[in-house]
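# Coordinate analysis (summary)
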Amino acid sequence: MYLAKIYVTYKPSILDPQGVVIKSALERLEYQGIEDVSQGKYFQVKLTGADKAAVAKEVESLVEELLINHNTETYTYDLEEI
Amino acid sequence: MYLAKIYVTYKPSILDPQGVVIKSALERLEYQGIEDVSQGKYFQVKLTGADKAAVAKEVESLVEELLINHNTETYTYDLEEI
Amino acid sequence: MSTQQTNPMANEPSPDMIAEKRIYADWGLTDHEYDLIVDHLGRRPNYTEAGIFSGMWSEHCSYKKSKPALRKFWSKNERVLQGPGEGAGILDIGDGQAVVFKAESHNHPSFVEPYEGAATGVGGILRDIFSMGAQPIAVLDSLRFGQLDNAKTRQIVDGVIAGIAGYGNAIGIPNLGGEIAFDESYAGNPLVNVMSVGLVNQNEMKVGQAKGSGNTIIYVGAKTGRDGINGASFASAEFSSTEESDRSAVQVGDPFLEKLVMDATIDAIKKYGKSIIGIQDMGAAGLLSSSSEMASKAGTGIELNLDLVPQREAALTPYELMLSESQERMLLVVQKGEEQPVIDLFEKAGLDAVAVGTVTDDGRYRLNFHGETVADVDIDFLTNAPEPKLAQEEPARLKEASASQYQPNVADANQVLLDLLAQPTIASKASLFRHFDSQVRADTVVKPGGDAGVTRIRGTKKALAMTTDVNSRYAYLNPFVGGQMAVTEAASNLVTTGALPIGMTDCLNFGSPDNPEVYYELHQSVEGITDMAKRLNTPVISGNVSLYNETDNKAILPTAMVGMVGLIADNKNITRAEFQNDGDQVYLVGTIGDTFNGSEIQKMQTGEIAGQLADFDVDAAQANQDFVLQAIDAGLVTSAHDLSEGGLGVALAEATFPNDFGLQADFAGTTAQLFAEVPGRFVLSVPSKQATAFEQKMTETKAVVAKLGQVTKDTVIAIQTKDGQVTVDQKAAKASYQNAIPQLMAE
Amino acid sequence: MKAAVITFPGSNCDMDMYHALESFDVDVDLLDDQASDLSAYDAIFIPGGFSYGDYLRSGAVAKFSPAMDAVKVAAENGQLVVGICNGFQILTEAGLLPGQLLVNEQPGFICDEVNLVVENPDSNFTNTMSKGDVLKVPIAHGEGNYVTDEVTLKELEDNHQVIFRYQENVNGSMNKIAGITNKAGNVYGMMPHPERAVDALTGNDSGRAFFESLLHAVDQKARA
Ligand SMILES: Nc1ncnc2c1ncn2[C@@H]1O[C@H](COP(=O)(O)OP(=O)(O)O)[C@@H](O)[C@H]1O
Ligand SMILES: [Mg+2]
């Protein structure tokens, strides 16, 4: 079995309203030196497959088909056998 | 400057309705071998500080104070200098 | 790893260990109760049995301490089709239709986890409504928080509002009203009361009863997990702020799943109503209380095979399965042999629907797990917790209270009005309730922001008005009169829309009943509510009790929330709180005296509330309400607003806000009396050309009605009094009213 | 006119749309997300709500239903396709309309009435209105913040695909966009809810003009 950890973030050109709100909340809480905050999504998918290469292909396909919206989001992922 | 990558996930006993819906969507799309899907949050925080140890402390503090809900969520993070 | 399933119960303490280590006490059972159980069983209960007794004998499930008070409620009249004791009460509204409603508290979960606590509160009350076969048509809420100058309180407010929104909006039931008040006593113990109203055809009503030996128990909805285990006994215990970090798993709601469960349940009743003998939702103490109560009400027995219960996590024990408070689950009793179509319907909606047991005729509650019987107890014994006899004592503060009324300082009356409008309890809550969808279903006639929410009933000329109310400061000064006033205020809010109040529900939020003074408050509140309910012919058809609302032994103010529903026979007379036309004549219905104890102005100027509550003339309040209804029915009234916190001054200002009018008025009382508080008083506006007809009506009523002045186009609120005047810019007043909460929340 | 309203699991404004259409004497069918043939309908409505709980992203899961395949065919055939609120989100996710609806600039669900300004009075949805007309229409959403890339935004403007703008930008949408069509003009999405404003009893019937335009467009097409 494999575990894919998928990190989805907004493209740099997109203003992330949640990040903005969190940043200003941190400032109100008097955290110093916060330069930037962005909020993305973190998926963990457990799946089986023939081998790591095949699973990697599957992961990329499902992320691009379902997990991200190409207008605004990009992603990276890690894959490990568990 | 440092970049903290923060991964927030539900505690195991907590219902993750999003994960359930995504898993069944993937099944309808005929992805094979999906065992489990969970959706969490992925924060990227850029911040400055005296040194890595100090920044790490700051990150832990802000995550625990604001970013996670202690009842339902846990987290891990990576910290790198950028 | 071996595939052999190990028994998850292997590590549970033995019956002897439970006794020796008094594990039952951690779950809230007293030694006396434990001994009764041992006596009854003739042996020591095992872990599962001890657990189910602790759940069923908790105050939350058994009402053992509040029952003596609840028995005093009046709950029968010609409309009542279902009184207390079921998922929700039901009233006849004619044409073969009925209205179903109930209120519920989710106080403790909302303190621990504001978002999910409030969200699952909405989920739970909705299930109570559709378990009766009704389509939910509205949600209301009643919220109490500490003062907004506290960051933790603001966080709780944010979480609770987001939780109500997150769940209610997704499921698509509009929020038609509510109330929010702030007082220090709620800082460590916020109150989240939610109410839901549904509509049912009388021939499709259902109850939660497990009738008919041999019939099948079907589990429907979400799978069971380890969330909120034994939440019922948790809700029945006091909080201590030092234990705040000791948090048990909370329930997480899934409104999407609830919507599927709701639609499928209503559909199943419409299609297979004859096969469905009983339905109950799994609320507090989950599978345990739903199954045992259904059997107890029907006088039958139950046998469940726990291996069949849909499970989301591995190795759940019988204790966990029975006491889990996982959300979005229902229990159905279906006629033997007629299960399949019902199961198919739920499965088609993507939901688990599994036969998990049978109704028996032996009065036993029997649980089987991994081929073993893990509990076998008498249902009557299980579902009838022994009622302890508790002492009542009139609180010392009531005995000592001064009879004289507070005299407010109104030297700068203009400023007093502006300041009152900005008091959090009075100020507009729109910045909070705008997060709630109040219009989905497209039936909303009067949205939150007026006196009561109104929804039409499609296909008829009828409409329903609804409201939640209580002023716990009045109850603190006099719980009996406070109870009368809460009912009066709720009815007043309905009457202003043109609705005839027809019935009520309640949520009794109090401190520890083991404190004789608190127990006295509980009883007195109930008696006050009942007294007024009888006079107004608004029976109490459902309700909920939440006790132990204390932090570090300090109780909240006594808060007996009243939720009331009114019937509008013809929607053409639906009236709003705000002035509609410039030039309309303004009248005051009811008299106003020096009633300042317990008022907002007393709190604002002295920082506390004190003294005796002034006498409350219930007959006058009732006469005023009757008059308002008659005048609206006669088509003479363009707006109607009742006086509540902040009195006449605030009510007049509020009436000018939505449509930006001004007001020119002459008030026969003193300037101070502009801010006196007494429920059951009204401000009406009447078109000039109806004034004669209206004034004719004034002569035919026992109510005291006086002309105040008229609505003006220029936006100044000008009120002349016997000893002074108030002149404020309407825009400034409106800003004060609208900006107060957003400003406090932004700190 | 013959219309279909498609209900997805989690839709909750389906009946509102159904009743609104009925009030214009439209012949309406209520279909579920398994519907595979929509050729019989002049107009297809994708209602508001929280399809699949709006989990993952609003509209992301619903787009894979058989009904959405059928909607694509209908869109290519030139039938009218209207997505309101969650329907708009589904149409963008499905690629039938450009862009995406993000979390409101000020995060949080808002239920209110807002003024919409008619930008293009020549569309199938505004042909009874004039440019600059203002309609007060209910909104109820947490994710209505319209974003797209610069190129697409320019195209939308140049092709007059922006039909309504908010008078005040309630949710942070680019160019205050409240409703857009595809290039062909037959697929339309908007966040506000005209179907909640068709009956004076509810205090607002300003949504009627929207339906009247749509009926007019269908009528014209039938005549042509
Ligand atoms: N939590 C809430 N949810 C929904 N509506 C609310 C809430 N709080 C206040 N409101 C609405 O604001 C209006 C004024 O509330 P309130 O001052 O309590 O009225 P009243 O004094 O007439 O009881 C009412 O329409 C009420 O329904
Ligand atoms: Mg009122």
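The coordinates are above.
The model shown is predicted, which means the values in this text are computed figures rather than measured ones.

Think of a sheet as strands paired side by side through backbone hydrogen bonds, with each pair either parallel or antiparallel. All names here are of chain C. Strand order in the open sheet formed by six strands is 1-2-3-6-4-5, with mixed pairing between adjacent strands. A strand with exactly one partner marks an edge of an open sheet, and here the two such strands are strand 1 (80-82) and strand 5 (175-182). Recorded for the sheet is a direction-independent mean angle of 20° between the axes of neighbouring strands. Judged from the seven bridges that link them, strand 4 (residues 135-145) and strand 5 form a sheet pairing that is parallel. Within strand 5, the residue paired with Ser142 across the bridge is Glu179.

Our next topic: the packing of aromatic side chains. Scanning all chains against the criterion turns up 27 aromatic pairs over all chains. The interplanar angle of 80° and the centroid separation of 5.1 Å between the aromatic rings of Trp27(C) and Tyr47(C) together place this pair among those described as edge-to-face. A residue pair is termed long-range when its members are at least 10 positions apart, and Trp27(C) in the loop between helix 2 (23-26) and helix 3 (31-41) and Tyr47(C) in helix 4 (residues 47-56) qualify at 20 residues. Each of the two residues, Trp27(C) as well as Tyr47(C), counts as buried. Seen from their ring centres, Tyr188(D) and Phe210(D) are 5.7 Å apart, and the 40° between their planes marks the pair as tilted. Taken together, the positions of Tyr188(D) in strand 11 (residues 187-190) and Phe210(D) in helix 5 (residues 208-223) put the pair 22 residues apart, joining distant regions of the chain. Of the two residues examined, Tyr188(D) and Phe210(D), each falls in the buried class. Of the aromatic side chains, those joined through ring pairs into one cluster are Phe24(D), Phe125(D), Tyr188(D), Phe210(D) and Phe211(D). One Lys or Arg, Arg397(C), reaches over the ring of Tyr476(C) and ends 3.8 Å from the middle of that ring.

All names here are of chain C. Here the structure, examined in full by the defined rule, presents eight cavities of 30 Å³ or more. Each pocket or cavity is described by its volume, and for the largest cavity that value is around 70 Å³. Around the largest cavity, the lining residues are Tyr474, Met485, Thr595, Asn597, Leu613, Ala614, Asp615, Phe616, Glu677 and Val678. Of the residues that constitute the lining of the largest cavity, the class distribution is six nonpolar, two polar and two charged.

In this arrangement, two copies of a chain are superimposed by a rotation about an axis accompanied by a shift along the axis. Mapping chain B onto chain A is achieved by rotating through 180° and translating by 0.0 Å along the same axis, at an RMSD of 0.2 Å. A rotation of that kind, with that shift, is consistent with a two-fold axis. Looking at the interface residues of chain B, 100% of them are also at the interface in chain A, so both copies use one shared face.

On to the interface of chain B and chain A, then. Contact residues are listed per partner, giving 32 residues for chain B and 32 residues for chain A. When chain B packs against chain A, close to 2800 Å² is buried across both sides, 60% of that on carbon and sulfur atoms. Taken as a group, Tyr31(B), Tyr42(B) and Leu66(B) account for 20% of the area that chain B buries against chain A, more than any other trio of residues on that side. Between the two partners, chain B and chain A, sit zero salt bridges. Linking chain B with chain A are 17 residue pairs in polar contact (both at pLDDT 80 or more), by the criterion used here. At the level of elements, strand 1 (2-10), helix 1 (17-28), strand 2 (34-47) and helix 2 (52-67) of chain B are the ones that each hand at least two residues to the side of chain B that touches chain A. Of all the elements, strand 2 of chain B adds the most residues to the side of chain B that touches chain A, at 14 residues. In terms of residue class, the side of chain B that touches chain A is made up of 17 nonpolar, nine polar and six charged. Of the strand pairs in this sheet, strand 2 (residues 34-47) of chain A and strand 2 of chain B are connected by 13 bridges, and their pairing is antiparallel.

We now examine the coordination of the magnesium ion (ligand 2). Six octahedral donors at a metal ideally form angles of 90 or 180 degrees, and four tetrahedral donors ideally form angles of 109.5 degrees. Residues and elements named next belong to chain C. Bound to the magnesium ion (ligand 2) are the protein donor atoms Asp451 (OD), Asn493 (OD1) and Asp642 (OD), situated 2.0 to 2.2 Å from the metal. Between consecutive donor residues of the magnesium ion (ligand 2), the sequence gaps follow D-x41-N-x148-D. Within this pair, whereas Asn493 is found in helix 20 (residues 479-495), its partner Asp642 is found in strand 23 (residues 639-642), the two being separated by 149 residues in sequence. Its relative accessible area of 4% is what places Asn493 among the buried residues. Assessed through its relative accessible area of 2%, Asp642 is described here as buried.

Conventions and cut-offs
- Residues numbered from 1 in each chain as written.
- Chains lettered and ligands numbered in written order.
- Predicted model: local features only at pLDDT ≥ 70, side-chain atom pairs only at ≥ 80, totals over all residues.
- Heavy atoms only, no water.
- Pairing = 2+ DSSP bridges.
- Helix = DSSP H or I, 4+ residues; strand = E, 2+ residues; numbered from the N terminus.
- Axes fitted to C-alpha atoms, helices over the stretch in contact; angles between N-to-C directions.
- Phe/Tyr/Trp six-rings, centres within 6.5 Å; stacked < 30°, edge-to-face > 60°.
- Buried < 20%, exposed > 50% of the residue type's maximum accessible area, 1.4 Å probe, protein only.
- Lys NZ or Arg CZ within 6 Å of the ring centre and 35° of its normal.
- 1 Å grid on protein atoms, 1.4 Å probe; cavity = no way out; pocket = protein on both sides within 12 Å on 5 of 7 lines; lining within 4 Å.
- Points joined across faces, edges and corners; volume = space filled by probe spheres on them.
- Nonpolar A, V, L, I, M, F, W, Y, C, P; charged D, E, K, R; others polar.
- Least-squares fit on C-alpha atoms with pLDDT ≥ 70 in both.
- Contact = heavy atoms within 4.5 Å.
- Buried area = accessible area lost by both parts, 1.4 Å probe.
- Salt bridge = Lys/Arg side-chain N within 4 Å of Asp/Glu carboxyl O.
- Polar contact = N/O pair within 3.5 Å; in protein donor to acceptor, adjacent residues only side chain to side chain.
- Donors = N, O, S within 2.8 Å, 3.2 Å for Na, K, Ca; no water.

As far as function goes, none of this settles anything; it's purely spatial.
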